[in-house]
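Structural features, examined
Residue strings, one per chain:
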Amino acid sequence: MNWLNELNWGAIATDGLLLIGKLVLAFLAFYVARAIGRKVISQSFVKMKKQRNISAGRSHTLEKLAVNVLSYVLIFILVTFIAEMFGFSPSALIAGAGVIGLAVGFGAQGLVSDVVTGFFLLLEKQVDVGDYVTVAGLDGIVEEVGLRTTQIRGFDGTLYFIPNRNITDVHNHSRGNMRALVDVSIPFEDNMDETIKVIQDACADLGDVKELIKEGPDVVGVEDLSSSLVTIRVIAKTENMHQWTVERKIRQVIKQAMDEYKQSQEDDTANEKDE
Amino acid sequence: MNWLNELNWGAIATDGLLLIGKLVLAFLAFYVARAIGRKVISQSFVKMKKQRNISAGRSHTLEKLAVNVLSYVLIFILVTFIAEMFGFSPSALIAGAGVIGLAVGFGAQGLVSDVVTGFFLLLEKQVDVGDYVTVAGLDGIVEEVGLRTTQIRGFDGTLYFIPNRNITDVHNHSRGNMRALVDVSIPFEDNMDETIKVIQDACADLGDVKELIKEGPDVVGVEDLSSSLVTIRVIAKTENMHQWTVERKIRQVIKQAMDEYKQSQEDDTANEKDE
Amino acid sequence: MNWLNELNWGAIATDGLLLIGKLVLAFLAFYVARAIGRKVISQSFVKMKKQRNISAGRSHTLEKLAVNVLSYVLIFILVTFIAEMFGFSPSALIAGAGVIGLAVGFGAQGLVSDVVTGFFLLLEKQVDVGDYVTVAGLDGIVEEVGLRTTQIRGFDGTLYFIPNRNITDVHNHSRGNMRALVDVSIPFEDNMDETIKVIQDACADLGDVKELIKEGPDVVGVEDLSSSLVTIRVIAKTENMHQWTVERKIRQVIKQAMDEYKQSQEDDTANEKDE
Amino acid sequence: MNWLNELNWGAIATDGLLLIGKLVLAFLAFYVARAIGRKVISQSFVKMKKQRNISAGRSHTLEKLAVNVLSYVLIFILVTFIAEMFGFSPSALIAGAGVIGLAVGFGAQGLVSDVVTGFFLLLEKQVDVGDYVTVAGLDGIVEEVGLRTTQIRGFDGTLYFIPNRNITDVHNHSRGNMRALVDVSIPFEDNMDETIKVIQDACADLGDVKELIKEGPDVVGVEDLSSSLVTIRVIAKTENMHQWTVERKIRQVIKQAMDEYKQSQEDDTANEKDE
Amino acid sequence: MNWLNELNWGAIATDGLLLIGKLVLAFLAFYVARAIGRKVISQSFVKMKKQRNISAGRSHTLEKLAVNVLSYVLIFILVTFIAEMFGFSPSALIAGAGVIGLAVGFGAQGLVSDVVTGFFLLLEKQVDVGDYVTVAGLDGIVEEVGLRTTQIRGFDGTLYFIPNRNITDVHNHSRGNMRALVDVSIPFEDNMDETIKVIQDACADLGDVKELIKEGPDVVGVEDLSSSLVTIRVIAKTENMHQWTVERKIRQVIKQAMDEYKQSQEDDTANEKDE
Amino acid sequence: MNWLNELNWGAIATDGLLLIGKLVLAFLAFYVARAIGRKVISQSFVKMKKQRNISAGRSHTLEKLAVNVLSYVLIFILVTFIAEMFGFSPSALIAGAGVIGLAVGFGAQGLVSDVVTGFFLLLEKQVDVGDYVTVAGLDGIVEEVGLRTTQIRGFDGTLYFIPNRNITDVHNHSRGNMRALVDVSIPFEDNMDETIKVIQDACADLGDVKELIKEGPDVVGVEDLSSSLVTIRVIAKTENMHQWTVERKIRQVIKQAMDEYKQSQEDDTANEKDE
Amino acid sequence: MNWLNELNWGAIATDGLLLIGKLVLAFLAFYVARAIGRKVISQSFVKMKKQRNISAGRSHTLEKLAVNVLSYVLIFILVTFIAEMFGFSPSALIAGAGVIGLAVGFGAQGLVSDVVTGFFLLLEKQVDVGDYVTVAGLDGIVEEVGLRTTQIRGFDGTLYFIPNRNITDVHNHSRGNMRALVDVSIPFEDNMDETIKVIQDACADLGDVKELIKEGPDVVGVEDLSSSLVTIRVIAKTENMHQWTVERKIRQVIKQAMDEYKQSQEDDTANEKDE
């Protein structure tokens, strides 16, 4: 036990003190960083909530996610620092993180991408539950917007689960008035000017559907002129989600008007012949 | 053996003690980390099971997978630390892991991606065995959902093995009532209003199929108006998986009603002529 | 406490002084770099504003973004330096940044790509609010250009949210006069030269639409010659956004002129027969 | 030779002993790791063989592959450790491995991907030799399933070599009964109800083909109703690989029955006229 | 202040001198490298200008870009060296650069790709302002070629902004004479040899369009022989950008000639009948 | 020259000896590794040649390639080790290799991929010179299989150069008997059963083409039943590359038989009328 | 200046000598490596020139490129070594190279890919100036093959600039005789055997086009047998680039022969009637 005495107890003590100092410093830095990070995140969300008018529940979800990510990263850095202080090279830890990172990078990038896109879908309010939208080539009413998937109920009753990363261009059909558009094709031989007049008159009388209409319906003119057909276009502005009802009604009244017009013409011809 | 005595036995002993201390610390850290990790995973699954109402068997599979991944990573880190303590630089180990990692990253990323997607398919219950779904452009009844592949039985009897990574948008046709939709085209010359009435009347009497229907069937109006055809749409809400039966029945009764209507018209004309 | 005295207080003091010197140097370098960076950015934007004639609000947004990015990078470097001075190896920090970086790289690359493209969309004024554009295969009036998404209102009232990264080729239909183009097909048997004359004459009289036209309309010749049809093309240059009105008007007058021409021909034939 | 004596022989001896110790340790670790690895692999395959009912030859191939991969990685790690002990930095070795790794990663990733997919094709028995499958858009009978390529014999006699990585969705047509489906279109004017009866009757008498049928054939109803055609669907469940024979037979008997029916109708009309 | 004297002032001075020497060396190397780099770039552009006949303004733009890139890289290297001399490990700087590099790599690679492609578009003169080109599937007259985007004015007046990276295959329609091609289809029953003669004769007389033609027009023969139509092809070489005028004129004269030929034939038949 | 004597000549000599020892060891390891590598490669090829029955020339090409790759990698490792022994850090060499590696990885990955695929094309004999194959969507006779490109002569005489990486699915039409398939459509009104008999009889007499046929030809039944056509399928197994000759002959005899049958029917009808 | 004497001049001198020695060694290694590299490249090209029969100019271009690449890499390694000798860590240099490398990797990979593909296009003579080829979906005559782009003149006069990376499958239509193929469709009612004889006879007399034909033309048989048409195929082998002339001539003579045949038939029928 001779050599024990020869130990440089001074150096050991200094090292010990230094170590403790460093530890304290590291934990301090960790708590300070976390506190600052949380503050920054919290304030950003307060600002966002005001500016973007997001519901409390929604912003709470997003804030929790942001704080979680921050905490995981800070804890990882802290653990690495402490391992290093005790003389463990952090390579092992980093290597472990690297292997997981690679797996994440290649295998689960879709997952990260889902969450990032989901985050912005929630934040920017591109879709709301109940909206009629077209995303990823699928139409339907939004049933749920989550961090990983969005659920949409199709017209035929099918429930679509769409990973958020597949949602790029969002077509939201529930933001403002819609346009109803009806194209009517008549034979080239028919009297175009009179037919236009008949259609215009028919559009004036749409019954109770009238209330759903904001503008029109108006005949905008000859949309196409092939060698056998003349296509006439009718346009109206309608209340949201009622464009199909209006289009169907317009088609019906036009068909009726054209039938009547043809009948009256035939009667005329018959009369002429009779004379 | 002179030099033997000159060895700094004190330093060696100190080093030895330090080494043992470090070893103990490393194993301790390992067990603590594993215990905490398991606890966290276990509790997450308990919470999940409650919230998402997942069957015990399914959550057990997922939990085992998560614990396995955790253990492999922790063991790898531990081995690297120990190698380092004995003076082996961990570079070799990391390099070996890196080469495997690269191979995984490039060659087997599909595999990792399959497992990650499979994990969420199981967790989020997007598909259940027995559901009628459309995934990756293939229709059919789900026969099995695994971590790597999902098996679907097509309508013609073919068994599809679909790697989970190919399952992005899930169309689940077994979640709620479905809609039956029948389009009937009539010549432009026909009397539209009467035909609509005939179709509406026909739809009122669907026999025993009536029980499968939740709403309708209703004629919604003129869906399309070409220069030669008028298309009339009929819509009904039906019980899940019975939409085709309902559609076929609706088509049949409409065909019968239109035949009768035509017959009665011809009779009228004949009568008129006779007169 | 004997060993305390043995501490090399001189070395410690020197180290302390050195540390403080380094710290001061690092902060100095940080502030100098940030100041220079800001100056450079600010001046670039002043130059840009002059050269490209960008609105103050827009350039302010871009400048703030550039300064933010610079600050984050400089702060990260500073923190790493300081950690290093206190004997913490920066590996941990870098590893933490690396893990985030990987996640960003793979999962959120779309986000970075959005911001980069958005930056240039704002800077290069490819689209302005109110322009009629085609981007990512979608037509419409631009409602908002943001750093992450651009909002476009489609013709039928749908609001499109398009991530900026999806905006590659921009078709801007609101930059200069547009061309109206009408193709008229006549049966191969008809008299081509006379028909061209009839069309040309008809185009001379477009009523109040005339004011929207900058050049023409002119018959440019026989565009297609199939075995049954001869296609004649008419072209005009119009004011922006009025090309459709002009095209519809041209189609209408051509149809009317051709009807009259046919009528006159039939009358001639009838007269000839009568004679 | 004065300086020779001055060499610290003690230190050299200690170093030598240490080196030998380390060498022994490294080899020991290598053999232990390999033994454990082999054991684990071997036991996994025993378990797999039981659970999945894989043939001995097949599982032997897979086990050999797994053991080979393990051995190569362990040898690489061992060599790197030994190089390091003799004072060679392992960087060179790692760099060499890295260059090969990169080449593998980019150029030969297809190869790795082939083997990984081949491994699972063999393990999960998605395809067996003799199965009639559709993979990578190609139909045919499986002739061989290898680690890198799968060989399929097409209907016209062509032999397809398909790299396993191209095999994603597997359509296996040899797992269970198949469905025979025949659509018959009749003119809209025909009597639908009688035709359905004729078809249903015809399907009752299929001769010796009857033995190949498990269920049906049944007329399920009106599948499509266009303005000129009524489409009637017949469905049957058949033994595997006999669906085409059944479909052909059904078509033949329907054609015959409809000919007879038409003949009888014409006879009736003729009779009526004669009367 | 006892310890102050104990400082090894000699070593400090030596270190200081060494540091200053290194600093001087680094700056020297920086200036030499930059000067050489600039010289090399400058001379390359002088050579290029001669060989490729590029306008001074254009080559100036490219040279400035090249010098800028060089300067940024050299400054980055210099700063890293200096930081290292003062005892700061360069890891932090490199890490900062790496994070930016990753962001560039993944998010802004399109930007780098744009500039690289733009550089070569300018250098190789694939497109000039005023050329009629097809790039990225869009036709039009080039209005501006920039480092990031190319602007093309479409035929209908739309202004296309195309990121240079999207410009791969360039179809330049303004480099040399163009070919006018007209296909004429006649009924299978017509006399092919005579029709060819009629067409060939018609092509001899194109009026003032003749001046735009370099070769032909020539009937090259029977291009297609279906069961109902014989297609005859006429080809001419024209001046650039006048191919459409020529094609329209050829179509017109062929139509006229064929009308005359048919008339003469009918007259012959009538005469024959009359006789 | 005082300091010269102060040099620790002993240490230098020891270092020198150590260096020489290390050098010898490195070279030894290099030669041993190369010899073992060559042996392994050589034996693998001997085994392969036996198992796969590859021509000597072909296996020689592949062996040379494998030995070259091994040599380059070993030389690179050796050079790096030696540079390190002389006190040069290998970072520079590795960096150089890294830059080349990156360029290879991104720019020339196609090249590496070509060679890897070419290696397996040669090894696995998927295509032989003279085979009629479909690869990368191109049909033709294989003219040459190289390490980088495969040359195929198309039916119209075009020579295709296909980079091996584009060769994924190989359709080899020269491995075994082929199937000739002829579909004959007859009007719905025709007598199906008699027509089938006529076709079956016609197929019995194919003249000298008979020798090219292995099985059949047989009428398999009614392949399709539309409202206006009945399609009958005839199948035969033929010698390789003669399927088209057989199909043409079958079509010819069927046409002749059906003409005769129609003639006889008309004669019958005529006779009946005459009677 | 006391401390100056205390400097260990001996160590400094030794270090200096060592440094100079290392420098000399590095330069030596550089020159040796470059000389060997050049020799290897030069000899490879001599061998290539002999084996592949490449023109001197072309091989000179390629050799210069190869030597340049070698030189740049060696200079980069040399500079890094020298920097390291003077105590600068090479990290900065490598980092700089890495940033450039990343930019190259992501932004300019197309450029590297172009040059690599261009290198092999030149080396393997897949295309020569003047060849008629199809590359990247574009047809035309090759005007220039460069390291970065290939220029092709399309049939209509357009000049295509194709980046070499887009050139994968090369269809070279100028390597050997071509095949002319003409399909003639006749009504199902026509006499097939006689028509085939008429076509075969017509093909015997092709006038001066005969000289362009190497084999045939031969009627190969009935290519297709629909319910209304019989398609007969004629094939001939022609001189390169004359296949279209031959096809047009064949079509013309067949049309003439079929007209004559029909005429003769009608005459026969007329005669028969007259009798």
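Rules of the game
Residues numbered from 1 in each chain as written. Chains lettered and ligands numbered in written order. Predicted model: local features only at pLDDT ≥ 70, side-chain atom pairs only at ≥ 80, totals over all residues. Heavy atoms only, no water. UniProt positions renumbered as here; feature names shortened; annotations may be inferred. Helix = DSSP H or I, 4+ residues; strand = E, 2+ residues; numbered from the N terminus. Buried < 20%, exposed > 50% of the residue type's maximum accessible area, 1.4 Å probe, protein only. Contact = heavy atoms within 4.5 Å. Areas by Shrake-Rupley, 256 points an atom, 1.4 Å probe, with all protein chains shown as cover. Core = buried A, V, L, I, M, F, W, Y, C linked by side-chain atoms within 4.5 Å. Phe/Tyr/Trp six-rings, centres within 6.5 Å; stacked < 30°, edge-to-face > 60°. Lys NZ or Arg CZ within 6 Å of the ring centre and 35° of its normal. Salt bridge = Lys/Arg side-chain N within 4 Å of Asp/Glu carboxyl O. Patch = residues over 30% accessible without salt bridge, like charges linked within 9 Å, V, L, I, M, F, W, Y side chains within 5 Å. Pairing = 2+ DSSP bridges.

In the nomenclature of an unreviewed UniProt entry, chain A corresponds to Small conductance mechanosensitive channel from the organism Alkalicoccobacillus murimartini. Quoted verbatim from the Sequence similarities (unreviewed entry) heading of the UniProt record, the comment on chain A is "Belongs to the MscS (TC 1.A.23) family."

**What to know about the overall build of chain A**
For chain A, the count of helices and strands is seven helices and eight strands. Each of the 275 residues in chain A was classed as buried or not, and the buried ones make up 44%. Across chain A, the fraction of contacts at a sequence separation of at least 24, relative to all contacts at a separation of at least 6, is 61%. Summed over all atoms, the accessible surface of chain A reaches about 13,600 Å², with 57% contributed by carbon and sulfur.

**Comments concerning the nonpolar core**
Ranked by size, the top nonpolar core spans 203 residues in total, and within it Ile-254 of chain A, Ile-254 of chain B, Ile-254 of chain C, Ile-254 of chain D, Ile-254 of chain E, Ile-254 of chain F together with Ile-254 of chain G carry the most contacts. Those residues in contact with Ile-254 of chain B that sit more than four places away from it in its chain are Val-182, Val-184, Ile-199, Ala-202, Cys-203 and Val-234 of chain B together with Leu-225 of chain D.

**Focus on the packing of aromatic side chains**
For the structure on display, the rule yields 27 aromatic pairs over all chains. Look at Phe-30 of chain D and Tyr-31 of chain D: their rings are 5.1 Å apart centre to centre, the planes differ by 70°, and that puts the pair in the edge-to-face class. Among the residues examined, Phe-30 of chain D registers a relative accessible area of 8% and is labelled buried. Every member of this aromatic cluster is reached through a ring pair, and the members are Phe-27, Phe-30 and Tyr-31 of chain A. Over the ring of Phe-188 of chain B we find Lys-255 of chain A, and its NZ or CZ is 4.9 Å from the ring centre.

**What about the pattern of salt bridges?**
Enumeration over the complete set of coordinates arrives at 77 salt bridges over all chains. Of the charged contacts in the structure, one is a salt bridge between Arg-233 of chain C and Asp-183 of chain C, with a shortest N-O distance of 3.0 Å. Within this pair, whereas Arg-233 of chain C is found in strand β8 (residues 229-238), its partner Asp-183 of chain C is found in strand β6 (residues 178-187), the two being separated by 50 residues in sequence. Residue Asp-183 of chain C is classed as partly exposed on the basis of its relative accessible area of 29%. The partner of Lys-255 of chain D in a salt bridge is Asp-259 of chain D, with the nearest N and O atoms 2.8 Å apart. Note that Lys-255 of chain D and Asp-259 of chain D are positioned in helix α7 (residues 243-274) at a spacing of four residues, about one turn of the helix. A network of salt bridges, in which partner residues are shared, links Asp-183, Glu-223 and Arg-233 of chain A together with Arg-248 of chain C.

**Looking at a nonpolar patch on the surface**
Residue and element names in this part refer to chain A. There is a patch of nonpolar side chains on the surface, built from Ile-20, Val-24, Leu-28, Val-32, Ile-36 and Val-40 and spanning about 540 Å² of accessible area. Mapped onto the elements of the fold, Ile-20 is located in helix α2 (residues 9-53). With relative accessibility at 51%, the residue Ile-20 sits in the exposed group.

**Quick word on the pairing of strand β7 (residues 213-225) of chain F**
All names here are of chain F. The pairing of β7 with strand β8 (residues 229-238) spans eight bridges and is antiparallel. What sits directly across from Leu-225, in β8, is Val-230. Remark: three residues form the turn of the hairpin made by β7 and β8, two consecutive strands paired antiparallel.

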